[in-house]
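Breakdown of the fold
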Amino acid sequence: MAALGWLTPRRRSATARSVLAGEASAEAARKSTQEVAGTTEEPQFPVHGDDRAAAFFDLDNTVMQGAALFHFGRGLYKRKFFETRDLAKFAWQQAWFRLAGVEDPEHMQEARDSALSIVRGHRVAELQSIGEEIYDEYMAERIWPGTRALAQAHLDAGQKVWLVTAAPVEIATVIARRLGLTGALGTVAESVDGVYTGKLVGEPLHGPAKAEAVRALAAAEGLDLGRCAAYSDSHNDIPMLSLVGHPYAINPDSKLRKHARRLDWRLRDYRTGRKAAKVGIPAAAGVGAVAGGTAAAIALHRRRR
């Protein structure tokens, strides 16, 4: 029987290196099997039934092509609320934002100061009513189908979906309701008994302020930001995107595209034929900084004089 001893397994204690080798081999085999079977897919997202997750969408050039206030201004001009020189000035500011790709502080301050002085005394309900009409005329057809589908996926998963924009909250709320979203975070103008006082509550909801709004809402709603998603086209929204566990760059400007690639964030571009990164209007914030319904307030003021 001694001659057969070589057939008898020898008991050896596994070394750390052998354990590591064994585990690595098993992991490689598992991955290889999955690849052959075609099962190497990303985990399902959004996660169905996760009530501590939500999604936050920037508006301008993310959900809707162009700036909400620009389209709003078009509707007001059609109703002869604006004089031609007012429309020309507004268009010039938008062109600056579009070409320069950055906000001009003087432009933002000028728009904010003039609008805040004019909006005083007008009723919130007036601006909301105008917004409903203009959404149908100019905004509905400019919703990006791809981004709308992303928002719907979160809704279908049972999650809340919020717009987060520097545009006046009254306009943002109209758009959110028409899209079937949960609600909107936007720049808030002070009002007393339904009448604007001509002051802002805090500051325009832009850049870091968006991140703070999302943080505050998440705390109030009991959300886990690490399980939430955020979507934007602008590098100005990097603070908001950095808050969540699932950041998406949608139709990104050049700075956001570079940042997203460096951090391995997901990118989606729904623009036809890759347009230049400066196609966006990042300073809708500058115009959106004005009190709720800036353009409408200016128009109503001039119409009533």
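The model shown is predicted, which means the values in this text are computed figures rather than measured ones.

Calculation criteria
- Residue numbers here run from 1 along each chain, matching the order of that chain's written sequence.
- Per-residue local features of the predicted model are confined to residues with pLDDT of at least 70, and side-chain atom pairs are confined, for both listing and counting, to 80 or more; whole-chain, interface and lining totals are unaffected and use all residues.
- Side-chain metrics rest on all non-hydrogen atoms present in the structure, leaving aside hydrogens and water.
- Axis angles are defined between N-to-C directions and span 0 to 180 degrees, where every axis is a line fitted to C-alpha atoms and, for a helix, only to the segment in contact.
- Helix numbering and strand numbering both begin at the N terminus, where a helix is a DSSP run of H or I of at least 4 residues and a strand a DSSP run of E of at least 2.
- Relative orientations are named as follows: roughly parallel for angles under 35 degrees, roughly antiparallel for angles over 145 degrees, roughly perpendicular for angles from 65 to 115 degrees, and oblique for any other angle.
- Handedness of a crossing is defined here by the sense of rotation of the near helix relative to the far one, left-handed for an anticlockwise turn of less than a right angle and right-handed for a clockwise turn.
- Working rule for contacts: check all heavy atoms of both residues, and any pair within 4.5 Å makes them a contact.
- Residue burial is assigned from relative accessible area. The probe radius is 1.4 Å, only protein chains are included, and a residue is buried under 20% of its type maximum, exposed over 50%, and partly exposed in between.
- In the sections that follow, a salt bridge refers to a side-chain nitrogen of Lys or Arg positioned within 4 Å of a carboxyl oxygen of Asp or Glu.
- Two strands make a pair as long as DSSP finds a minimum of two bridges between them.
- Each residue carries a pLDDT score, the predictor's own confidence in it, on a scale running from 0 to 100.

Running from N to C, helix 5 (residues 124-139) and helix 7 (residues 169-178) point in directions that differ by 50°, and their axes come no closer than 9 Å. One way to sum up the angle between helix 5 and helix 7 is to call them oblique. The handedness of the crossing between helix 5 and helix 7 is right-handed. When helix 5 is examined against helix 7, the residues Val-124, Gln-128, Gly-131, Glu-132, Tyr-135, Asp-136 and Met-139 are found in contact with a partner set consisting of Glu-170, Ile-171, Val-174, Ile-175, Arg-177 and Arg-178.

With that settled, the discussion passes to the environment of His-246. The topology assignment puts His-246 in strand 7 (residues 246-250). The spatial distance from the C-alpha of His-246 to the C-alpha of Ala-230 is 6.5 Å, given a sequence separation of 16 residues.

With that out of the way, let us pick up the environment of Ala-211. Turning to its location among the elements, Ala-211 is positioned in helix 8 (residues 208-221). The buried category is assigned to Ala-211, whose relative accessible area is 4%. Spatially, the C-alpha atom of Ala-211 lies 5.7 Å from that of Pro-239, the residues being 28 residues apart in sequence. Once you skip the residues sitting within four places of it in the chain, Ala-211 turns out to touch Pro-239, Met-240 and Leu-243.

A few words now on the pattern of salt bridges. Scanning all chains against the criterion turns up 12 salt bridges. Linking Lys-210 and Asp-58 is a salt bridge whose minimum nitrogen-to-oxygen distance equals 2.8 Å. On the criterion of sequence distance, the pair formed by Lys-210 in helix 8 and Asp-58 in the loop between strand 1 (54-57) and helix 2 (68-78) is long-range, its members being 152 residues apart. Each member of the pair, Lys-210 together with Asp-58, is buried. Each of the salt bridges in this network shares a partner with another, and the network as a whole consists of Glu-132, Asp-136, Arg-177 and Arg-178.

A few words on the pairing of strand 4 (residues 189-192). Relative to strand 5 (residues 195-200), strand 4 runs antiparallel, the two being bridged by three bridges. Counterpart to Val-192 in the pairing with strand 5 is Val-195. The antiparallel hairpin formed by strand 4 and strand 5 contains two residues in its connecting segment, where Asp-193 sits at a positive phi of about 55°.

On to helix 7. Counting buried positions along helix 7 yields seven of 10 residues, so the element is predominantly enclosed. Taken as a whole, helix 7 has its buried residues at Val-169, Glu-170, Ile-171, Ala-172, Val-174, Ile-175 and Ala-176. Lining the buried residues of helix 7 we find helix 2, helix 5, strand 2 (160-168), strand 3 (183-187) and strand 5. Looking one or two residues past helix 7, Gly-180 carries a phi angle of roughly 75°, positive in sign.

Taken as a whole, the protein chain shows an average pLDDT of 75; of its residues, 62% reach a score of 70 or greater. pLDDT under 50 marks residues 1-12. Its contacts with residues more than four places away, or in other chains, come to zero contacts.

Once that is clear, we can look at unusual backbone geometry. The phi angle at Asn-61 is positive, at roughly 65°, despite the residue not being glycine. Within the secondary structure, Asn-61 sits in the loop between strand 1 and helix 2. You can call Asn-61 buried: its relative accessible area is 8%. One non-glycine residue with positive phi stands out, namely Asp-264, at about 60°. Its location among the elements puts Asp-264 in the loop between helix 10 (254-263) and strand 8 (266-268). Taking the relative accessible area as the measure of exposure, Asp-264 reaches 68% and is therefore exposed.

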